[in-house]
Amino acid sequence: MQILIVDDSRSSLAYLARITTDIGGCGVETFLRPSEALQRCSETQFDLVLVDHVMAEMDGVELTRHLRARQPYRLVPIVMVTSDSEREVRRRAIACGATDFVNKPFDPIELQARLRNLLALRQAQTELADRADWLAREVAAATHDLVAREEEVIWRLARAIEYRDGNTGEHVSRVARICRLIAEAAGLDSERCRIIYLAAPLHDIGKIAIADALLSKPGRLDPAEMATMREHVTIGARILQNGSSELVRTAELIAQSHHERWDGAGYPDRLSGTDIPIEARIVAIADVFDALCSERPYKQAWPLERAYAEIVAGSGSHFDPACVTAFQSRWPEIAAIMTGSPAALPAISAA
Ligand SMILES: [Fe+2]
């Protein structure tokens, strides 16, 4: 425990220092000038302050007010020493934040007893604050572990879906990162961007219920096969429905609506414009763009520039124009993701 004493009378200061030193177990620093005491308070944390009421440079009330304005001194016991026992002085002392006051002349035994009590209070405050800090750190660590585990499960599930679809995980990884870039550029808050980044990889989860023959069919699908393939969106939404977390609820929205079109010509609900959840509008762009750039049994991979032009051409018809603008604004980073530039490849589990 460190005690600060401020009194512009040299003899009073020495007397108070002797009384407080006799308490034992405490460091004591004394100051004749309040301004120097305040300066010292900026450098170190005192646990108890003893301040004279009447001082020439700055009175005890003013000094107490200055200390209380500082966060580290918000709760530190401050005792005002006064030779005036009038109610008005006491009222001002308490109003400005003093914890207690003592009247001169005081009994050293009584003063020591009161200071001991206040030091015990301070000790309890400090231990409580340390405990609260420790608890906050523990909760943060536990939350971090939970989030990390949730992310890991998502990525492993997404990779399982990709294998089912004949790929090895790169498609969902690229789509997730492109979605995050578009979401950021569209002005979504950081937590929303994180959720989209993690929910996007599950957009085709419904494909696990589609027959192998259909998923791996070389050549284009006939209308009946196309109708069956389109069921992957409602199946995916059913797999994810009634999620208990915002992440799973967002993944359900994306699974359900990532094939809707801005002009209402998509499926399964023919939603249009902003009736389509923003998360699904973002995934629609990333999913189509990456599919265009990828080789399929029925087509060659398109060059990046051609796929970019296709997305821009679909603004206002297939895609949300604002999301296309966001896509264009992050093009250098998106192109780097597609070409495998190391600078654009954050760890897959990084949020
Ligand atoms: Fe899909």
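See above for the structure.
What counts, and where the lines are drawn
Residues numbered from 1 in each chain as written. Predicted model: local features only at pLDDT ≥ 70, side-chain atom pairs only at ≥ 80, totals over all residues. Heavy atoms only, no water. Helix = DSSP H or I, 4+ residues; strand = E, 2+ residues; numbered from the N terminus. Rg over C-alpha atoms; globule rule 2.2 N^0.38 Å. Buried < 20%, exposed > 50% of the residue type's maximum accessible area, 1.4 Å probe, protein only. Contact = heavy atoms within 4.5 Å. Areas by Shrake-Rupley, 256 points an atom, 1.4 Å probe, with all protein chains shown as cover. Lys, Arg positive; Asp, Glu negative; His and termini not counted. Charge placed at Lys NZ, Arg CZ, Asp CG, Glu CD. Donors = N, O, S within 2.8 Å, 3.2 Å for Na, K, Ca; no water. Polar contact = N/O pair within 3.5 Å; in protein donor to acceptor, adjacent residues only side chain to side chain. Phe/Tyr/Trp six-rings, centres within 6.5 Å; stacked < 30°, edge-to-face > 60°. Salt bridge = Lys/Arg side-chain N within 4 Å of Asp/Glu carboxyl O. Pairing = 2+ DSSP bridges. Axes fitted to C-alpha atoms, helices over the stretch in contact; angles between N-to-C directions.

(A) Spatial organisation of the overall build of the protein chain. Helix and strand counts for the protein chain stand at 15 helices and 5 strands. Computed over the C-alpha atoms, the radius of gyration of the protein chain is 34 Å, more than 25% above the 20 Å expected from 2.2 N^0.38 for a compact globule of 351 residues. Projecting the C-alpha coordinates of the protein chain onto the three principal axes gives extents of approximately 100 × 40 × 30 Å. In the protein chain, buried positions account for 44% of the 351 residues. Taking all contacts inside the protein chain whose residues are at least 6 apart in sequence as the whole, residues at least 24 apart take part in 62%. Counting every atom, the protein chain has about 17600 Å² of accessible surface; 53% of that belongs to carbon and sulfur. Averaging the positions of the 40 positive and the 50 negative side-chain charges in the protein chain gives two centres separated by 0 Å.

(B) A look at the coordination of the iron ion. Around the iron ion, the protein contributes the donor atoms D204 (OD), H232 (NE2), H258 (NE2) and H259 (NE2), which lie 2.1 to 2.3 Å from the metal centre. When the donors of the iron ion are listed by position in the chain, the intervening gaps give D-x27-H-x25-H-H. Residue D204 is located in the loop between α7 (190-199) and α8 (212-215), and its partner H258 is located in the loop between α11 (246-257) and α12 (278-293); the two are separated by 54 residues in the primary sequence.

(C) Molecular detail of α7. Of all 10 residues in α7, 8 are buried; the element is thus mostly enclosed. Inspection of α7 places R192, C193, R194, I195, I196, Y197, L198 and A199 among the buried residues, and these make up the whole buried set. Along its buried surface, α7 packs onto α5 (108-164), α6 (170-185), α11 and α12. The backbone nitrogen of E191 has a side-chain oxygen 3.1 Å away, supplied by the residue at the start of α7, namely D189.

(D) Broad picture of the packing of aromatic side chains. Applying the stated rule across the entire model yields 7 aromatic pairs. With a centroid separation of 4.5 Å and 55° between ring planes, the pair formed by Y308 and W331 is classed as tilted. Of this pair, Y308 sits in helix α13 (residues 304-313) while W331 is found in helix α15 (residues 331-338), placing the two residues 23 residues apart along the sequence. Classification of Y308 as partly exposed rests on a relative accessible area of 22%. A residue is classified by how much of its surface remains accessible, and W331, at 18% relative accessible area, is buried.

(E) The environment of A95, seen in detail. Residue placement: A95 occurs in helix α4 (residues 87-95). Looking at A95, the relative accessible area reads 59%, which means it is exposed. In the structure, A95 is positioned 13 residues away from P108 in sequence and 26 Å away in space, judged by C-alpha atoms.

(F) Layout of the pattern of salt bridges. Using the criterion set out here, one finds 24 salt bridges in the structure. As a salt-bridge pair, E184 and R330 come within 3.1 Å of each other at their nearest N and O atoms. Pair noted here: E184 is in helix α6 and R330 is in the loop between α14 (321-329) and α15, with a separation of 146 residues, a long-range link. For R330, a relative accessible area of 16% gives the class buried. A salt bridge links E333 to R330; the shortest N-O distance between them is 2.8 Å.

(G) Just the sheet that holds strand β2 (residues 27-31), in detail. Pairing is parallel in the open sheet, where 5 strands are placed in the order β2-β1-β3-β4-β5. The open sheet is flanked by β2 and β5 (100-103), the only strands paired with a single partner. Averaged over all pairs of adjacent strands, the angle between strand axes in this sheet comes to 20°, irrespective of strand direction. Pairing geometry for strand β1 (residues 2-6) and strand β3 (residues 48-52), over 4 bridges, is parallel.

(H) The arrangement of the side chain of R281 in detail. As for its position among the elements, R281 is in helix α12. Within the local environment of R281, its side chain forms a polar contact with the side chain of D320, the two groups lying 2.7 Å apart. In contact with R281, other than residues within four places in its own chain, are W262, G273, T274, I276, D320 and C323.

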